[in-house]
Amino acid sequence: MAETLVFDAAGFVAEQVAAVKKQVGSRTAVIAVSGGVDSTIAAAIVHTAIGKQLHAVYVDTGFMRKGESEAVEAMYKRMGLNLTVVHAGPEYFEALGSTTEPEAKRKIIGEKFIRIFERESKKTGATVLVQGTIAPDWIESGGGKRDTIKSHHNVGGLPKDMKLELCEPLYHLYKDEVRAVARHLKVEVAERQPFPGPGLAVRVIGNLTPERVQLAREACDVVEREIEAAVAAGKMAKPWQYFAVLTNTPSVGVQGDLRAYGETVAVRAIDSLDAMTGTAVHVPYEVLGRIARGITNHPKMKDKVNRVVYDITDKPPATVEWE
Ligand code: XMP
């Protein structure tokens, strides 16, 4: 009879805590925490192993969701992490300039991440960089015989001359296993939807300006609020991930009696277990209608966005994010 393999979260944590203690010893480590499940759980494991020797750095890249930086900061303070918050938005926009090619954007964002950590680590004397890298990140980033689907910022974006030693306690885990660890550790991000490291930057196709990122931020907020309201009302099951993309597809519309030429927002809701494959979710039409009106009537978006479409593509052939 075939045996079912059950992931042992408690065993995994004990093993990794011991491994981190051994690797880091009396040195100081620094971690980039994003508020997402992966980096938060990596931080929780390493914090358990080495306590205050771990310095957590939260970089507000300018690509975070609405209210995210404030909420994340409060959460890490509650966890007792040694936390530094870096407001790096202007630095990111300057580094990206007019770059629009997705892989180039990811590389620039990845490099900036590392440079900021190098800068911060110098202040703390850290020689170890902890990352929340999980299996799909390095599998999809290519290398060896694998094709590069997209360079996840924490893999393909790493500069060759990086000076810090890497410590990646979640390296072999899939997303569902990371969530099991989060539940085991009773870390409050456990049920939160995943958010990509490069943030809204990969949800804004074309020119990355603070104004366009702000549109994506507001549109994502509408999608989250409407879907979560529909879930709470029992109209649909909670999708694995749900967000909006500013597609860089201008289209003609009408506002009052006037012709308008505005942006198109795509709504994406997808179910997945391990991020490697996914299925577009059947969001009820009524909910999609509320999202479309919520975006096009929104005071901060109505003059800029005049069309909302729904992305019905599975992964593969599409990926979850558009870039
Ligand atoms: P894709 O778009 O590759 O997304 O199908 C799979 C899952 O990974 C997230 N994602 C990222 N996460 N760094 C991350 O930490 C990244 O560069 C990155 N790109 C995509 C995506 O949101 C989805 O959950």
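The rules behind the values
- Residues numbered from 1 in each chain as written.
- Predicted model: local features only at pLDDT ≥ 70, side-chain atom pairs only at ≥ 80, totals over all residues.
- Heavy atoms only, no water.
- Axes fitted to C-alpha atoms, helices over the stretch in contact; angles between N-to-C directions.
- Helix = DSSP H or I, 4+ residues; strand = E, 2+ residues; numbered from the N terminus.
- Parallel < 35°, antiparallel > 145°, perpendicular 65-115°, else oblique.
- Left-handed = near helix turned anticlockwise from the far one by under 90°.
- Contact = heavy atoms within 4.5 Å.
- Nonpolar A, V, L, I, M, F, W, Y, C, P; charged D, E, K, R; others polar.
- Domains from an automatic or database assignment.
- Salt bridge = Lys/Arg side-chain N within 4 Å of Asp/Glu carboxyl O.
- Polar contact = N/O pair within 3.5 Å; in protein donor to acceptor, adjacent residues only side chain to side chain.
- Buried < 20%, exposed > 50% of the residue type's maximum accessible area, 1.4 Å probe, protein only.

Engineer: Is there a simple way to think about the packing of helix α8 (residues 210-232) against helix α9 (residues 285-296) in this case?
Structural biologist: For any two helices packed against each other, one specifies the inter-axial angle together with the distance between the axes. Packing of α8 against α9 leaves a shortest axis separation of 9 Å and a crossing angle of 150 degrees. Our classification of the angle between α8 and α9 gives roughly antiparallel. Seen from above, α8 lies across α9 with right-handed handedness. Contacts between α8 and α9 involve Ala-219, Val-222, Val-223, Glu-226, Ile-227 and Ala-230 on the former and, on the latter, Val-287, Arg-290, Ile-291, Gly-294 and Ile-295. A class-by-class count of the residues in the contact of α8 with α9 yields 8 nonpolar, 1 polar and 2 charged.

Engineer: Explain the domain arrangement of the chain here, please?
Structural biologist: For an interface, size is often stated in terms of accessible area lost upon the parts coming together. The domains assigned to the chain are domain 1 (9-185) and domain 2 (203-311). Relative placement of domain 1 and domain 2: their C-alpha centres are 28 Å apart. Facing 19 residues of domain 1, the contacting portion of domain 2 comprises 16 residues. Taken together, the connections running from domain 1 to domain 2 amount to 3 salt bridges. The salt bridge involving Asp-221 is made with Lys-66; its shortest N-O contact spans 3.8 Å. Across the domain 1-domain 2 interface, the total number found is 5 residue pairs in polar contact (both at pLDDT 80 or more). Mapped onto the side of domain 1 that touches domain 2, the elements with two or more residues apiece are α4 (89-96), α6 (135-140) and α7 (175-185). When its residues are assigned to classes, the side of domain 1 that touches domain 2 shows 7 nonpolar, 5 polar and 7 charged.

Engineer: Mind showing me how you'd approach the environment of Gly-132 here?
Structural biologist: Position of Gly-132 among the secondary structure elements: in the loop between β4 (128-130) and α6. Classification of Gly-132 as buried rests on a relative accessible area of 9%. Along the sequence, Gly-132 and Leu-288 sit 156 residues apart, while their C-alpha atoms lie 33 Å from each other.

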